[in-house]
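Spelled out from the first residue to the last, the chains are:
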Amino acid sequence: MINIALPKGRLGEKICGLLSRAGYDFDGINEGGRRLVFMNEALNMRCFWVKPFDVGVYVERGVADVGFAGKDILMECQPDVYELMRLEAGKCRMCAAGMKGFRDMSERPLRVATEFPNIAREYYGRMGRDIDVIELRGSMEIAPLLGLSEVIVDVVESGTTLRENELEVIAVICEISARFIANKSAYKFKGEAIREMMRRIAHDNDNA
Amino acid sequence: MYDDVLTLNELYGLKLRKLYHSYGYKHKTMSRFEDYDFYAKHKDFLTSQNILTFTDINGRLMALRPDITLSMIRTGITGKYYYDEKVYRLKGKSENINVNGGHGSSRWCEISQSGIECIGGLIVEDITQVTRLALLSLREISGGKNYALDVADAGTARSLIPQINRANILKCIQDKNIDGLKELNAPQELLHMASIDGDVASGLHYLSDECRQVITALNDPHIRIDFSALSNLTYYNGLVLKGYIEGIPHAVLYGGQYDEMLRELGHNGVRGMGFAVYMGNIGGIVGD
């Protein structure tokens, strides 16, 4: 059996569509509700919804053989998994942003609010800038607005939320999108089925 | 005889000892406490750059041994040895350690290893024997499940991976991240090498003559040529081994040739190869 970890939320919905177009349908997966596990008996496949940040954990620990995770999450958590394919779904940018007109002139550590402390430390480390990381779990844009931080490091898709909160992008740290990942051990023993998934998904991905 | 009182790891440990003993390897015991200076000087060879230290009663800075091979090389011994030992490493995402997974906050771990070291004037038959013992070790601990031994040639990888962006390129190869390699403008030959997916026939091209002889002589269906098995390129220079058992999510065996490390440590003209079975990784079989 192939077990698939799917990220809940918008990216997960896109991945569901991708899987369906690739011939992998799961009964009831688009019906909403609170069910988390779905089967396709004919294909001997099972998929389940998990929090986007947890996809790498499920795959690394072998509970899922494969999964779909954003590059931002892979960079942040660095799970020991195979990163087999870059997908067109979930395209956005990891950015540093601050209030409009903000200039980093202070000598004290820059206060950075983020859900991605490792990415923030790595980026500012490369810049040689000391930072004070403030870990938040969402609504990042409010942090500079209320004076909690000077800067945020977060995923930016269209930039609308930034603009509506008087923020602007200071630097693009990297481009990100969804990745198809696999457990390293499962890949040795279920490689044929996983590579077949890759082939079918790649066909749709190339035409996206 | 003691099957009813032994834990699974103890049972497998005994089976492995018996296996290595039957091939003429001698048992070796080493102290867990060593001078910190030695490891501090040779940090490049360690999986984790962090070392667990303490001060002994004479005020000397000591280390809890982070690596068996280095510890053995330090003594200057040659020959064929097997061991059941523990190493102490920092585990966690900040270290990106490939043992037992790397997610969660960092913490010190005691890791049980059973393995062998073959040090001396190694010839191709010795390298073949060590690789055969790696295969037999996987069979012994697989409990009847399927197993796979990934092999790669660190020498080829060293010659193909450019110095610029070396660490990032190596990480992409380890993760089979071909898109990432393209982003890093990795040469075409490297892309081909990283794309080899276990197939021995197409992978032999990327092995040195010596490695090729070993793999051809063994002709074992459990061997896969796969450069994602590469690890620290400072540590290994020739054949690299990484073993998996079906149902266990992490690799259970790591090893390879470390001739150049021996030379760096002052043992000229001596070659070495070994591997370790990570006993703590054997327990975690995931049900289907």
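Scroll up to find the structure.
Residues numbered from 1 in each chain as written. Chains lettered and ligands numbered in written order. Predicted model: local features only at pLDDT ≥ 70, side-chain atom pairs only at ≥ 80, totals over all residues. Heavy atoms only, no water.

### With respect to helix H1 (residues 10-21) of chain A
Owing to its 3.6 residues per turn, the α-helix aligns residues three or four sequence positions apart on the same side.
Residues and elements named next belong to chain A.
Inference 1: Helix length check: H1, at twelve residues, gives a terminal C-alpha distance of 17 Å against a target of 16 Å (1.5 Å per residue), a fit within 8%.
Inference 2: Three or more residues of H1 are buried, namely Gly12, Ile15, Cys16, Leu18 and Leu19. Taken down its axis, H1 places every buried residue within 165° of arc, on the same side. Turned more than 90 degrees off the buried face of H1, the exposed positions are Arg10, Glu13 and Arg21.
Inference 3: Positioned one or two residues after H1, Gly23 has a phi angle of 95°, which is positive. (Helix = DSSP H or I, 4+ residues; strand = E, 2+ residues; numbered from the N terminus. Expected span 1.5 Å × (residues − 1). Buried < 20%, exposed > 50% of the residue type's maximum accessible area, 1.4 Å probe, protein only. Arc of directions from axis to C-beta.)

### What to know about the interface of chain B and chain A
Inference 1: Counting residues at the interface gives 29 residues for chain B, matched by 27 residues for chain A.
Inference 2: Both faces considered, chain B and chain A share a buried interface measuring about 2,500 Å² in area, 44% of it formed by carbon and sulfur atoms.
Inference 3: Linking chain B with chain A are five salt bridges, by the criterion used here.
Inference 4: For Asp150 of chain B, the salt bridge identified is with Lys188 of chain A, shortest N-O distance 2.6 Å.
Inference 5: Contributions of two or more residues to the side of chain B that touches chain A are made by strand S7 (147-153), helix H7 (178-183) and strand S9 (239-245) of chain B.
Inference 6: For the side of chain B that touches chain A, the element with the most residues is S7 of chain B, which contributes three residues.
Inference 7: Class assignment for the residues of the side of chain B that touches chain A results in seven nonpolar, eleven polar and eleven charged. (Contact = heavy atoms within 4.5 Å. Buried area = accessible area lost by both parts, 1.4 Å probe. Salt bridge = Lys/Arg side-chain N within 4 Å of Asp/Glu carboxyl O. Nonpolar A, V, L, I, M, F, W, Y, C, P; charged D, E, K, R; others polar.)

### Structural notes on the nonpolar core
Burial of nonpolar side chains together is a common tendency in soluble globular proteins.
Inference 1: Membership of the largest hydrophobic core comes to 78 residues, with the highest contact counts inside it found for Tyr20, Ile173, Leu230 and Phe275 of chain B.
Inference 2: For this core, the element with the most residues is helix H4 (residues 124-141) of chain B, which contributes nine residues.
Inference 3: Ranked by size, the runner-up nonpolar core spans 45 residues in total, among them Ile4, Ile15 and Met197 of chain A together with Met30 of chain B. (Core = buried A, V, L, I, M, F, W, Y, C linked by side-chain atoms within 4.5 Å.)

### A short note on the sheet that holds strand S2 (residues 37-40) of chain A
Residue and element names in this part refer to chain A.
Inference 1: Spatially, S2-S3-S1-S4-S11-S5 is the arrangement adopted by the six strands of the open sheet, whose pairing is mixed. Each edge of the open sheet is held by one strand with a lone partner, namely S2 and strand S5 (82-86). Looking at each pair of strands side by side, their axes are set apart by 25° on average, direction ignored.
Inference 2: Note that S2 and strand S3 (residues 45-50) share four bridges and pair antiparallel. (Pairing = 2+ DSSP bridges. Axes fitted to C-alpha atoms, helices over the stretch in contact; angles between N-to-C directions.)

### Concerning the packing of aromatic side chains
Inference 1: With the rule as written, the count across this model stands at twelve aromatic pairs over all chains.
Inference 2: Summarising the aromatic geometry, the rings of Tyr123 of chain A and Tyr124 of chain A are spaced 5.0 Å apart at their centres and angled 75° between planes, so their arrangement reads as edge-to-face. Tyr124 of chain A matches Tyr123 of chain A in its accessibility class, with the two residues each being buried.
Inference 3: One aromatic cluster in this structure is built from Tyr20, Tyr82 and Phe275 of chain B.
Inference 4: The cationic tip of Arg74 of chain B hangs over the ring face of Phe38 of chain B; the distance from NZ or CZ to the ring centre is 5.7 Å.
Inference 5: Directly above the aromatic system of Tyr82 of chain A lies the positively charged group of Lys176 of chain B, at a separation of 5.4 Å from the ring centroid. (Phe/Tyr/Trp six-rings, centres within 6.5 Å; stacked < 30°, edge-to-face > 60°. Lys NZ or Arg CZ within 6 Å of the ring centre and 35° of its normal.)

### Considering the packing of helix H1 (residues 8-22) of chain B against H4 of chain B
To characterise two packed helices, one gives the angle between the axes of the helices and the distance between these axes.
All names here are of chain B.
Inference 1: Across the interface, H1 lies against H4 with an axial gap of 10 Å and an inter-helix angle of 150°. Viewed along their axes, H1 and H4 adopt a mutual orientation that is roughly antiparallel. Once H1 is placed against H4, the crossing between them reads as right-handed. Counted together, Tyr12, Lys15, Leu16, Leu19 and Tyr20 of H1 and Leu133, Leu136, Ser137, Glu140 and Ile141 of H4 form the full contact between these two elements.
Inference 2: Taken together, the residues that form the contact of H1 with H4 break down as seven nonpolar, one polar and two charged. (Parallel < 35°, antiparallel > 145°, perpendicular 65-115°, else oblique. Left-handed = near helix turned anticlockwise from the far one by under 90°.)

### Regarding the pattern of salt bridges
Proximity of charged atoms lets side chains of opposite charge pair with each other.
Inference 1: This model, assessed by the stated rule, comprises 37 salt bridges over all chains.
Inference 2: The salt bridge partner of Glu183 of chain B is Arg86 of chain A, with a shortest N-O separation of 2.2 Å. Here Arg86 of chain A lies in strand S5 and Glu183 of chain B lies in helix H7, a pairing that spans two chains.
Inference 3: Here Arg60 of chain B ties to Asp56 of chain B by a salt bridge, and the two come within 3.4 Å at their closest N and O atoms.
Inference 4: Owing to a relative accessible area of 43%, Arg60 of chain B belongs among the partly exposed residues under this scheme.
Inference 5: Residue Asp56 of chain B is classed as buried on the basis of its relative accessible area of 18%.
Inference 6: In the salt-bridge network here, residues are joined through shared partners; they are Lys188, Glu192, Arg195, Glu196, Arg199 and Arg200 of chain A together with Asp150, Lys176, Asp197, Arg224 and Asp226 of chain B.

From the geometry alone we can't say anything about function, so treat these as descriptive.
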